[in-house]
Amino acid sequence: MNKVFLGIVIAGLPLSVAGTLLHWSSTILFVVYCVTIIALASFMGRATESLAIVTGPRIGGLLNATFGNAVELIIAIFALKEGLIGVVLASLTGSVLGNLLLVAGLSFFIGGLKFKRQVFNVYDARHNSGLLIFAVIVAFVIPEIFSMSLNEERTMTFSIGISIILILLYLAALFFKLVTHRGVYQAGTKGASHTEEETPEWGKGKAIGVLALSTLAVAYVSENLVHTFEAVGDTFGWSELFIGVIIVAIVGNAAEHASAIIMAVKNKMDVAVEIAIGSTLQVAMFVAPVLVLVSLFFPVSMPLVFTIPELVTMVSAVLLMVVISNDGESNWFEGAILLAAYLIIGIGFYLL
Amino acid sequence: MNKVFLGIVIAGLPLSVAGTLLHWSSTILFVVYCVTIIALASFMGRATESLAIVTGPRIGGLLNATFGNAVELIIAIFALKEGLIGVVLASLTGSVLGNLLLVAGLSFFIGGLKFKRQVFNVYDARHNSGLLIFAVIVAFVIPEIFSMSLNEERTMTFSIGISIILILLYLAALFFKLVTHRGVYQAGTKGASHTEEETPEWGKGKAIGVLALSTLAVAYVSENLVHTFEAVGDTFGWSELFIGVIIVAIVGNAAEHASAIIMAVKNKMDVAVEIAIGSTLQVAMFVAPVLVLVSLFFPVSMPLVFTIPELVTMVSAVLLMVVISNDGESNWFEGAILLAAYLIIGIGFYLL
Amino acid sequence: MNKVFLGIVIAGLPLSVAGTLLHWSSTILFVVYCVTIIALASFMGRATESLAIVTGPRIGGLLNATFGNAVELIIAIFALKEGLIGVVLASLTGSVLGNLLLVAGLSFFIGGLKFKRQVFNVYDARHNSGLLIFAVIVAFVIPEIFSMSLNEERTMTFSIGISIILILLYLAALFFKLVTHRGVYQAGTKGASHTEEETPEWGKGKAIGVLALSTLAVAYVSENLVHTFEAVGDTFGWSELFIGVIIVAIVGNAAEHASAIIMAVKNKMDVAVEIAIGSTLQVAMFVAPVLVLVSLFFPVSMPLVFTIPELVTMVSAVLLMVVISNDGESNWFEGAILLAAYLIIGIGFYLL
């Protein structure tokens, strides 16, 4: 599998450069870009996994989430530069939905096919549940509802205020996890995360090098990818919303998909859940507000105002995950519920 | 009590036939039909209880739910045939509300008057919570929200897609409970469901015979019942919505009411909760999508699009039940909360 | 600190009387009234704390909640008399938000700075969660949704029905806690509420006397406070909504703020949580419906119909608190989440 990805990168990167310069058809370019990003993301995933083994499960989880969302952030900034605000909000939605339903769903399902019951840290799960409710239901739903009675300027002011609060609370959450309450809530996990010594695939130096190079390559390809959206949408009859919510999110989150499932199959559910939910939280509490603030330097500012279908699907996904993760256990059927929810939402956005 | 029901059936069935042929006033017929169905349902309930003792609590719970919903399904198909889509959706709503709030509420309340704290399997409760959130918040709310921006054809396509996913997930849930994870999650219940040997009222053969005959009789009476709705609504000033949500649901769920409360008084809360919540899930994940698919063969197709009041009350009921059942315990006051919620909702639909 | 409050009362009460008679500017009067009420509330808080020590944590918590809400109720009745229905509903909203997010948030945060993990009775927390969902999501959201299709008279009928049900369920909750299930659910708390003997600041007699006198004084000042709202709103550009949700709620809940935080710092989280959530429930299940019924005797009746922003913020706050309090533990970060939510909502109502 790794060789396949290596082959794709070796073929895909030159093709991306050549295709861009030679103005190939948008559809072909779109496919080349997407496949190349996914293959590159697999390198980011492997590099991150190596680093994760070196640095331990918690920092490892954070690293996984960060570099999964690096792809996301990079694509979004290029889309923002083009004024594609609808696509950016849709891709944030898609990232939340993709991480909560598709990544966690696949992890629970595939992990559950191998293990009857899988456990993860119930304290972390509840901590994350509080943040999910905060980020999606307080910080996303409220501006949407209030914006109905606010003019554009006040909506933007409100969005900036919320963005700053989100970022501060995100930093406070890191401070809580890594400093004041590091290791305090560990009792919940039994057996799952034994410190069975694993040898990383790559050394620290090589892993960082691969991570840096593949991130740069992703940035280059992403910039070009964004320019193909319009033409591809026209060709296939896909709306901006569907491209953002489903396509960009799947491509942008390929790294999480890969590494979360690998962890689930290894019965390291702590890390798998940290990737899926941690990544969601990073998108909602860090990537989204950073993009709002970054957009102030671009011609078109982006308020933190999602559409109603985006909000309703995110709220549903959050409630589903909060209830399902509340007991610190998973099995294949819980994965099936999450995947079924993703499928319904995917069909909905396709038809919209 | 059993003799009373026997008397009602012996008197009610001939009266139903005679009244139908002689075209009595709709109000009288409506009362005769309703009372007869409730009495017949009590036979179905007793037959099911006998079978439940023979087959064990889990299959027993499923049997209870299935034959309670048989009445429901039968009435709904006849209503669908008449094109009464509003009544069918309302009766589905009423069945969800009735099972979650009235059946569970009465079980918790009456059981709680006798026992200070009653326990039930907390794993099942959490499993069911995930499915409740999935069925009502994902599968019911999302099509309603999306249908606001979809034309009729796409709404119907979306409804069909969701219906198929619901049925598949329902079958997967059965497979999970009865095959892959049978008996895995039993630790939670202590003492409540001792296998104190009980002797069934009827033998297997007689129970099945009674079940079959009373189901047939219910079908006959239900068909006629549906034709009285309009005239009765006019007479009493009841809306289609109120008839569907409250009247049809109470008549259609009389079997569950009876057997769940009997189980609660016997401190068999596992079975009582399985009846109430299992029945809700069967309505939401099986009866509702089957009716959507069946409606494709009738002149008027039924999309899975409830009205806003129906959705809001179902979502409230689900959230209430998820929070209340989360600890695997009940008492009379939790029953009182559920009943109070049912009362408020009943008044609301009456006034609407 | 106590001497400061004593000074404020000694100075503030005569100033309030003098200022009212001499028709000082509304802004100055508004400040004088608010500060005086807060200082008076601190006396009510200390008197209540003394009584709480005498009567034990549970009755103590109820006493705290009752006399905190006495201020609220008094201000609301005077506002109702003036026909300021919008302000009253806003102040009820503000009280729910203030107790759930600001009072509990400050308690968790400040208590958490001193103690790494604080525990409270998980049974009470879950009992309260059920009631929060009932009161805010069933009893507040449903009339709002239904009122969209009801005329004014039916909306008022519905409001009266719900109010009676709320009050009856509130009384049933007291009966449950104090009579049928007194002391049944105590296992959950470990260590936190040791019966370390504390000596009350004041004896029973003096405490009751202080409580009675300060309540009377609060009533006098509140009546005058209500008359300054309009002028103050015009001066500062504050909407009726902002005054009600933020200002009145902070002034009206100062007693809870003070006593809950004091309890949290003493690691008596049972009492702190009982004050914050118990007070919310008393506002939602007792003060609000009583005000609806009282309004029938005033020229303008008040239906139980909040605005959409009020409802959405209350529902968010309830979901957040249910998820955060579900494990019976708190820490500074959970407090930070609640405070961040309050800040976002406060900015929202300010901009509205």
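Chain A has the name Ca(2+)/H(+) antiporter in an unreviewed UniProt entry, where Cytobacillus purgationiresistens is given as its organism. In its Subcellular location (unreviewed entry) section, the UniProt entry covering chain A states "Endomembrane system". Under the Sequence similarities (unreviewed entry) heading, UniProt states for chain A: "Belongs to the Ca(2+):cation antiporter (CaCA) (TC 2.A.19) family."

Trainee: How should I be thinking about the environment of V87 of chain A in this particular structure?
Mentor: Residue and element names in this part refer to chain A. Turning to its location among the elements, V87 is positioned in helix 4 (residues 85–114). For V87, a relative accessible area of 3% corresponds to the buried category. With 230 residues separating them along the chain, V87 and A317 place their C-alpha atoms 20 Å apart. Among residues more than four places away in sequence, those in contact with V87 are F229, E240 and G244.

Trainee: Any chance you could explain helix 8 (residues 240–252) of chain A here in plain terms?
Mentor: At 3.6 residues per turn, the α-helix brings residues three or four places apart onto the same side. When the terminal C-alpha atoms of helix 8 of chain A are compared, their 16 Å separation across 13 residues is substantially less than the 18 Å that a helix rising 1.5 Å per residue should span. Burial runs high along helix 8 of chain A: 11 of the 13 residues are buried.

Trainee: What exactly am I supposed to notice about the layout of surface pockets here?
Mentor: To locate leftover empty space, one rolls a probe as large as a water molecule over the atoms. Quantified by volume, the largest pocket comes out at close to 1100 Å³. Around the largest pocket, the lining is made up of 33 residues, and of these I145 and V312 of chain A, I145 and V312 of chain B together with V312 of chain C lie nearest the centre. At the level of secondary structure, the elements contributing two or more residues to the lining of the largest pocket comprise helix 5 (122–147) and helix 11 (308–325) of chain A, helix 5 (122–147) and helix 11 (308–325) of chain B together with helix 5 (122–147) and helix 11 (308–325) of chain C.

Trainee: Can you help me understand unusual backbone geometry in this one?
Mentor: For residues that are not glycine, phi is negative in most cases, and the peptide bond is trans in most cases. Phi at N267 of chain A is positive, roughly 65°, even though this residue is not glycine. On the secondary structure map, N267 of chain A appears in the loop between helix 9 (254–265) and helix 10 (269–295). For H23 of chain C, which is not glycine, the phi torsion reads 50° and is therefore positive. With respect to the secondary-structure elements, H23 of chain C resides in the loop between helix 1 (2–22) and helix 2 (26–55). A residue is classified by how much of its surface remains accessible, and H23 of chain C, at 69% relative accessible area, is exposed.

Trainee: Sorry, what's going on with the interface of chain C and chain B here?
Mentor: Interfaces are often sized by the accessible area lost when the parts come together. On the chain B side, the residues contacting the 33 residues of chain C number 30 residues. Between chain C and chain B, a total of about 2800 Å² is buried, with carbon and sulfur atoms accounting for 80% of that surface. Where chain C packs against chain B, one counts zero salt bridges. Put simply, the parts of the chain that give the side of chain C that touches chain B at least two residues each are helix 5 and helix 6 (152–180) of chain C.

Trainee: How should the side chain of S222 of chain A be read in this particular structure?
Mentor: Within the element layout of this structure, S222 of chain A appears in helix 7 (residues 204–236). If near-sequence neighbours (up to four positions away) are discounted, S222 of chain A is found in contact with I37, I74, I75 and F78 of chain A.

Trainee: Would you mind showing me how to read the pattern of salt bridges here?
Mentor: Oppositely charged side chains are able to pair whenever their charged atoms sit close together. All names here are of chain A. Inspection of the entire model under this criterion finds 12 salt bridges over all chains. Linking E329 and R117 is a salt bridge whose minimum nitrogen-to-oxygen distance equals 2.9 Å. With E329 in strand 2 (residues 329–330) and R117 in the loop between helix 4 and strand 1 (118–119), this pair connects stretches of sequence that are 212 residues apart.

Trainee: Looking at this structure, I do not really get empty space enclosed by the protein. What am I missing?
Mentor: Enumeration over the complete set of coordinates arrives at 13 cavities of 30 Å³ or more. Taken as a whole, the largest cavity encloses approximately 350 Å³ of empty space. Those elements giving two or more residues to the lining of the largest cavity turn out to be helix 5 and helix 11 of chain A, helix 5 and helix 11 of chain B together with helix 5 and helix 11 of chain C.

Trainee: How should the relation of the copies chain C and chain B be read in this particular structure?
Mentor: Relating one copy of the chain to the other requires a rotation about an axis plus a shift along that axis. Superposition of chain C onto chain B requires a rotation of 120° combined with a translation of 0.0 Å along the rotation axis, giving an RMSD of 0.1 Å. Put plainly, the chains are arranged around a three-fold axis. The two copies present different faces, since only 3% of the interface residues in chain C are matched by interface residues at the equivalent positions in chain B.

Trainee: Please explain the relation of the copies chain B and chain A as it appears in this structure.
Mentor: The operation relating chain B to chain A is a screw motion whose rotation component is 120°, with 0.1 Å of axial translation and a residual RMSD of 0.1 Å. Counting the interface residues of chain B, we find that no more than 3% of their copies in chain A are interface residues as well, pointing to two distinct contact surfaces.

Conventions adopted
- Residues numbered from 1 in each chain as written.
- Chains lettered and ligands numbered in written order.
- Predicted model: local features only at pLDDT ≥ 70, side-chain atom pairs only at ≥ 80, totals over all residues.
- Heavy atoms only, no water.
- UniProt positions renumbered as here; feature names shortened; annotations may be inferred.
- Helix = DSSP H or I, 4+ residues; strand = E, 2+ residues; numbered from the N terminus.
- Buried < 20%, exposed > 50% of the residue type's maximum accessible area, 1.4 Å probe, protein only.
- Contact = heavy atoms within 4.5 Å.
- Expected span 1.5 Å × (residues − 1).
- 1 Å grid on protein atoms, 1.4 Å probe; cavity = no way out; pocket = protein on both sides within 12 Å on 5 of 7 lines; lining within 4 Å.
- Points joined across faces, edges and corners; volume = space filled by probe spheres on them.
- Buried area = accessible area lost by both parts, 1.4 Å probe.
- Salt bridge = Lys/Arg side-chain N within 4 Å of Asp/Glu carboxyl O.
- Least-squares fit on C-alpha atoms with pLDDT ≥ 70 in both.

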